[in-house]
Amino acid sequence: MGIIVQKFGGTSVGSVERIRNTVNRIIEEKNKGNKVVVVVSAMGKTTDQLVSLADELSSYPAKREMDMLLSTGEQVTISLVAMALIDKGYEAVSYTGWQAGIVTEAVHTNARILDIHPEKIRSHLDKGQIVIVAGFQGVTEDGEITTLGRGGSDTTAVALAAALHADRCSIFTDVTGVFTSDPRYIPNARQLQAISYDEMLELANLGAGVLHARAVEFAKNYAVPLEVCSSLERVAGTMIEEEAAVEKNLIVRGVAFEDAITRVTIFGLENGFHNLSTIFTTLAEHHIDVDIIIQNQTADGRTYLSFSIKNQDLKETVDLLETNKTSLGIDHFETETGLAKVSIIGSGMVSNPGVAAKMFQVLAENGVAIKMISTSEIKVSTVVDDKEMIRAAQSLHHAFELDAAEQKI
Ligand code: ADP
Ligand code: ASP
Ligand code: MG
């Protein structure tokens, strides 16, 4: 008898019909003789609707209250799923994040899980009960409700799987697995049988919303066997594992993209040892995620600095830079919105020089101007105009031979 964690995303619980289907998948796993923990998201587009409500009432919704609001979405689903299971004659119990012992840092709307106390869940499992846990939420040591960032239910599931030493964590969603790129926008994308933790982590970090990046981090750190599969179609999903056993011949394994990126450029920065660290420490203290950073010098010896952030952090970043202009040694700064990031990812890049050059050539041939670049051993990211994002991703997908028709294996 094993412990299995199943996670069902918004679409998979988006209607009464879908909940019935989900309940059948849970029962199937239970009937195999397993102990089953289920993590669910809010129904359908509930979280988006709650965010819109908040935006209508406040131009800058208080983050604590946002967590209070958004955490209600998942609470609806857990109770409905538990009721439906009980109705079918199974013993089930629903738990919010705090009841399930999910402790997070004290950061509203984007908290990290610090610790999990799974004793209660374990005692239910030992009694043969199915435990349904609300995804995306936790509690601080002071008893404040937090949420884990959009898409965070995946992280709840994998963290619980790690804490319970589960035999498998299955993420059920509306696609059949992890694809070479988002199949909603890249019709030629094809499904991968397996992908390594590191490649998946880059894909997720760079915009592939199929998995929350922190979920992949947990899976890697605690060696959780993780799969992504469809809640509707009965086909094999994608395994995320230590070393992807297949498709080693591919240098680039996937193309990821995300819009809503802003570039901030600070001009006339005085050359001082501490300016850079002070600026980024200030941003970090306010939990603003800075992505690509470029620093350069003008002929008169002044430094200028560009960095990219998400649009959602723009207002806070501008406020911080304005307020602390003098102490940060800033002359003036500009922001440019309407940008997107397009990235290629693949562990084969390490040993294949010229991948970045090929990427830049493909983008140039397609008339896509590059505004910022960042590279690591297994990825190259470019910031481009958001109107060109899909075209850029499509041409890269084709040029790096990822299109379904060009499958090499
Ligand atoms: P859920 O509500 O089940 O968590 P999400 O919408 O968060 O579902 O994630 C699934 C979606 O991720 C898919 O519908 C797909 O459009 C998108 N996606 C982005 N990149 C990829 C990728 N590389 N492979 C598969 N799906 C992807
Ligand atoms: N309901 C949350 C969201 O829409 C969390 C999740 O679905 O994972 O982002
Ligand atoms: Mg998701």
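You'll find the structure just up there.
Every value quoted in this text rests on a predicted model; they were computed, and no experiment measured them.

The rules behind these values
- Residues numbered from 1 in each chain as written.
- Chains lettered and ligands numbered in written order.
- Predicted model: local features only at pLDDT ≥ 70, side-chain atom pairs only at ≥ 80, totals over all residues.
- Heavy atoms only, no water.
- Pairing = 2+ DSSP bridges.
- Helix = DSSP H or I, 4+ residues; strand = E, 2+ residues; numbered from the N terminus.
- Axes fitted to C-alpha atoms, helices over the stretch in contact; angles between N-to-C directions.
- Contact = heavy atoms within 4.5 Å.
- Near = heavy atom within 4 Å.
- Polar contact = N/O pair within 3.5 Å; in protein donor to acceptor, adjacent residues only side chain to side chain.
- Areas by Shrake-Rupley, 256 points an atom, 1.4 Å probe, with all protein chains shown as cover.
- Nonpolar A, V, L, I, M, F, W, Y, C, P; charged D, E, K, R; others polar.
- Parallel < 35°, antiparallel > 145°, perpendicular 65-115°, else oblique.
- Left-handed = near helix turned anticlockwise from the far one by under 90°.
- Phe/Tyr/Trp six-rings, centres within 6.5 Å; stacked < 30°, edge-to-face > 60°.
- Buried < 20%, exposed > 50% of the residue type's maximum accessible area, 1.4 Å probe, protein only.
- Salt bridge = Lys/Arg side-chain N within 4 Å of Asp/Glu carboxyl O.

A word on the sheet that holds strand β10 (residues 194–196)
Point 1. Taken together, the 8 strands give an open sheet; going across it, the order is β3-β6-β2-β1-β9-β11-β12-β10, and neighbouring strands pair in mixed fashion. With partners counted over all chains shown, the strands left at the sheet margins are β3 (92–95) and β10, one partner each. When the angles between neighbouring strand axes are averaged without regard to direction, this sheet yields 20°.
Point 2. One ladder, built from 4 bridges, connects strand β2 (residues 35–40) with strand β6 (residues 130–134); its direction is parallel. Looking at the pairing, V38 lines up with I132 of β6.
Point 3. Contacts from helix α3 (residues 63–87) reach β2, β3 and β6 within the one sheet, and its direction differs from that of β6 by about 165°.

Points about the site of ligand 1
Point 1. If you check the shell around ligand 1, you find 17 residues, and the closest are T173, D174, F179, D182 and R184.
Point 2. Contact distances for ligand 1 include 2.8 Å between an oxygen atom and a side-chain N or O atom of D174.
Point 3. Here a nitrogen atom of ligand 1 sits 2.9 Å away from a polar atom, N or O, in the main chain of F179.
Point 4. Isolated, ligand 1 exposes 580 Å² of accessible area, and the fraction of that covered by the protein chains is 85%.
Point 5. Along the lines of polarity and charge, the residues of the shell around ligand 1 split into 7 nonpolar, 6 polar and 4 charged.

Description of the sheet that holds strand β17 (residues 372–376)
Point 1. Taken in spatial order, the 6 strands of this open sheet run β14-β15-β13-β16-β18-β17, and their pairing is antiparallel. Two strands bound the open sheet, and with one partner strand each, they are β14 (293–297) and β17. Mean inter-strand twist for the sheet, computed between neighbouring axes without regard to direction, equals 25°.
Point 2. Two elements, β14 and strand β15 (residues 303–310), share 5 bridges in a ladder whose sense is antiparallel. Across the sheet, the residue bridging to I293 is F307, located in β15.
Point 3. Along the sheet face, helix α11 (residues 355–365) touches β16 (332–345), β17 and β18 (379–385) and points at about 20° away from the line of β18.

Focus on the packing of α11 against helix α12 (residues 389–399)
Point 1. Where α11 contacts α12, the two axes come as close as 10 Å, and the packing angle between them is 130°. Here α11 is positioned oblique relative to α12, judged by the angle of their axes. Crossing angle aside, the handedness with which α11 passes α12 is right-handed. From α11, K358, M359, V362 and L363 reach across to α12, where they touch A392, S395, L396 and A399.
Point 2. In terms of residue class, the contact of α11 with α12 is built from 6 nonpolar, 1 polar and 1 charged.

As for the packing of aromatic side chains
Point 1. In the structure shown here, the tally under the stated rule is 5 aromatic pairs.
Point 2. With a centroid separation of 4.6 Å and 10° between ring planes, the pair formed by F8 and F172 is classed as stacked. With a gap of 164 residues between them, F8 in strand β1 (residues 3–8) and F172 in strand β9 (residues 168–173) connect regions that are remote in the sequence. The residues F8 and F172 share a single accessibility class, namely buried.
Point 3. With a centroid separation of 5.4 Å and an interplanar angle of 75°, the aromatic rings of F280 and F307 are classed as edge-to-face. With F280 in helix α8 (residues 275–285) and F307 in strand β15, this pair connects stretches of sequence that are 27 residues apart.
Point 4. Take F307: its relative accessible area is 0%, and that puts it in the buried class.

Section: the pattern of salt bridges
Point 1. In the structure shown here, the tally under the stated rule is 22 salt bridges.
Point 2. Across the salt bridge formed by K63 and E316, the nearest N and O atoms sit 3.6 Å from each other. Here the residue K63 occupies a position in helix α3, and E316 occupies one in helix α9 (residues 314–323), the gap between them amounting to 253 residues.
Point 3. Its relative accessible area of 37% is what places K63 among the partly exposed residues.

Notes on the side chain of S181
Point 1. Positionally, S181 belongs in the loop between β9 and β10.
Point 2. For S181, a relative accessible area of 5% corresponds to the buried category.

Side note on the environment of H398
Point 1. Among the structural elements, H398 can be located in helix α12.
Point 2. Here the alpha-carbon distance between H398 and Y304, two residues 94 residues apart in the chain, equals 36 Å.
Point 3. Here D403 takes part through its side chain, which lies 2.9 Å from a polar atom of the side chain of H398.

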